[in-house]
Amino acid sequence: MTRTVLVTGGGTGIGRAVAARFAASGAVVHITGRRAEALASAADELGPSVRPLVCDATDPGQVSAALAGLAGPIDVLVNNAGGNTDFDLSEPDGLAGVLEHWRANLDANLISAVLTTTAAGDKLADGGSVIHIGSIAADEGAGSYGAAKAGLASWNVDLARQLGARGITTNVVAPGYIRETEFFRDKLPADRAEKLIGATSTGRAGLPGDIAETVYFLASAEARHITGQTLGVNGGAHPTR
Ligand code: NDP
């Protein structure tokens, strides 16, 4: 059976790799983002089963319209849209600036997933999968960005209980440092990258494909008893018991 997959932020980086992985399995994959050009070029490269859809995941009107226009059922929802919005803002100016920074990260990384999942609602296929892209920052700390990703993981626990009766699993994949994405803009100094790699046990940066394969597994028939979890994919940079 052909699966229908929705990947928010699917035009670049991790989301694009996730879209490519599901498309390779024969799924129809809808990819969203705010930049029409980035989506169009990803869809061109990945083939006709990948469908671009411009949608700002933090805007309730755009999210409602996008989901209303999608034919259900949605077998797999990947809430990947996000990133550290501090990279795009100037230093906070006073308390109002602090508020702006915090709201931007909470909107981009937590509210985006809440809105998309809620709007998907009954269109999520019974027995389907929801996967959120979290971050190692939720455990290692990174200001409002880490706090937003920690909030996402906490909400995921509640969501698993809500969706469990329908056989829908919901999990967080929390990457460590992943190369070949637009996440750091051009603002990651070489010595910082080296430090991030040095913190791993594998001695390398992660790649978008590492995350895509993990997401693909969590959406598989073999992973139906895994729900309410956060799974780190970080080369051991944040070990757990
Ligand atoms: P990218 O910047 O390449 O990808 C982020 C994607 O999300 C872009 O395609 C962007 O497109 C889209 N996006 C951002 N905000 C919105 C929005 N409001 N509505 C719709 N789409 C949006 O970086 P990554 O691939 O690295 O990031 C993917 C996820 O992985 C993020 O959630 C990030 O926090 C997480 N992550 C990344 C890590 C890394 O080291 N790279 C580490 C840990 C977590 P557009 O701008 O066109 O909207």
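First things first, this report covers the structure right here in the doc.

## Comments concerning the pattern of salt bridges
Okay, step 1: Applying the stated rule across the entire model yields 6 salt bridges.
Okay, step 2: One salt bridge connects Glu182 with Arg35, and the closest N-O pair in it is separated by 3.0 Å. One end of the pair, Glu182, is in the loop between strand S6 (169-175) and helix H7 (190-198); the other, Arg35, is in the loop between strand S2 (28-33) and helix H2 (36-46), and 147 residues separate them in sequence.
Okay, step 3: Note that Asp210 and Arg204 form a salt bridge whose closest N and O atoms lie 2.9 Å from each other.
Okay, step 4: What makes Arg204 partly exposed here is its relative accessible area of 41%.

## Regarding the packing of aromatic side chains
Okay, step 1: On inspection of all chains with the given rule, the structure shows 6 aromatic pairs.
Okay, step 2: Between Phe87 and Phe183, the aromatic rings sit 5.9 Å apart at their centres with planes inclined by 85°, giving edge-to-face as the arrangement. Here Phe87, found in the loop between strand S4 (74-79) and helix H4 (94-120), pairs with Phe183, found in the loop between S6 and H7; they are 96 residues apart in sequence, far enough to count as distant.
Okay, step 3: You can call Phe183 partly exposed: its relative accessible area is 23%.
Okay, step 4: Taking the centre distance of 4.7 Å and the plane angle of 75° together, the rings of Phe183 and Phe184 count as edge-to-face.
Okay, step 5: Connected via pairs of aromatic rings, a cluster forms that spans Phe87, Tyr145, Tyr177, Phe183 and Phe184.

## Section: empty space enclosed by the protein
Okay, step 1: Under the counting rule described, the total for this entry stands at 2 cavities of 30 Å³ or more.
Okay, step 2: Its volume calculated, the largest cavity comes out at about 60 Å³.
Okay, step 3: When residues in the lining of the largest cavity are grouped by element, the largest group, 3 residues, is from helix H3 (residues 60-69).
Okay, step 4: The residue inventory of the lining of the largest cavity, partitioned by class, reads 8 nonpolar, 3 polar and no charged.
Okay, step 5: The calculated volume of the second largest cavity comes to roughly 30 Å³.

## What to know about the environment of Leu159
Okay, step 1: Within the secondary structure layout, Leu159 lies in helix H6 (residues 143-164).
Okay, step 2: A residue is classified by how much of its surface remains accessible, and Leu159, at 4% relative accessible area, is buried.
Okay, step 3: Considered as a pair, Leu159 and Gly26 are 133 residues apart in the sequence and their alpha carbons are 28 Å apart.
Okay, step 4: Excluding anything up to four places from it in sequence, Leu159 contacts Thr117, Val130, His132 and Thr170.

## Quick notes on the side chain of Arg3
Okay, step 1: Mapped onto the secondary structure, Arg3 falls in the segment before strand S1 (4-7).
Okay, step 2: For the buried Arg3, which has no salt bridge, the nearest side chain bearing the opposite charge is Asp75, at an N-O separation of 6.2 Å.
Okay, step 3: Of the polar contacts made by the side chain of Arg3, one reaches the backbone oxygen of Ala219; its length is 2.7 Å.
Okay, step 4: Discounting residues that sit within four places of it in the chain, Arg3 has contacts with Phe22, Ala27, Val28, Asp75, Val76, Tyr216 and Ala219.

## Structural notes on the environment of Ala43
Okay, step 1: Structurally, Ala43 is set in helix H2.
Okay, step 2: Sequence spacing of Ala43 and Ile197 is 154 residues, and the spatial spacing of their C-alpha atoms is 31 Å.
Okay, step 3: If near-sequence neighbours (up to four positions away) are discounted, Ala43 is found in contact with Ile31, Val50 and Pro52.

## Thoughts on the pairing of S1
Okay, step 1: Alternating positions in S1 separate into two faces, Thr4 and Leu6 on one and Val5 and Val7 on the other, with burial throughout.
Okay, step 2: The pairing of S1 with S2 spans 4 bridges and is classified as parallel. Among the inter-strand pairings, Thr4 is bridged to a residue of S2, identified as Val28.
Okay, step 3: After leaving S1, the chain enters helix H1 (residues 13-24) and then returns to the sheet as S2, a path that is right-handed.

What counts and how
- Residues numbered from 1 in each chain as written.
- Predicted model: local features only at pLDDT ≥ 70, side-chain atom pairs only at ≥ 80, totals over all residues.
- Heavy atoms only, no water.
- Salt bridge = Lys/Arg side-chain N within 4 Å of Asp/Glu carboxyl O.
- Helix = DSSP H or I, 4+ residues; strand = E, 2+ residues; numbered from the N terminus.
- Buried < 20%, exposed > 50% of the residue type's maximum accessible area, 1.4 Å probe, protein only.
- Phe/Tyr/Trp six-rings, centres within 6.5 Å; stacked < 30°, edge-to-face > 60°.
- 1 Å grid on protein atoms, 1.4 Å probe; cavity = no way out; pocket = protein on both sides within 12 Å on 5 of 7 lines; lining within 4 Å.
- Points joined across faces, edges and corners; volume = space filled by probe spheres on them.
- Nonpolar A, V, L, I, M, F, W, Y, C, P; charged D, E, K, R; others polar.
- Contact = heavy atoms within 4.5 Å.
- Lys, Arg positive; Asp, Glu negative; His and termini not counted.
- Polar contact = N/O pair within 3.5 Å; in protein donor to acceptor, adjacent residues only side chain to side chain.
- Pairing = 2+ DSSP bridges.
- Right-handed = clockwise from strand over helix to strand, strands pointing away.

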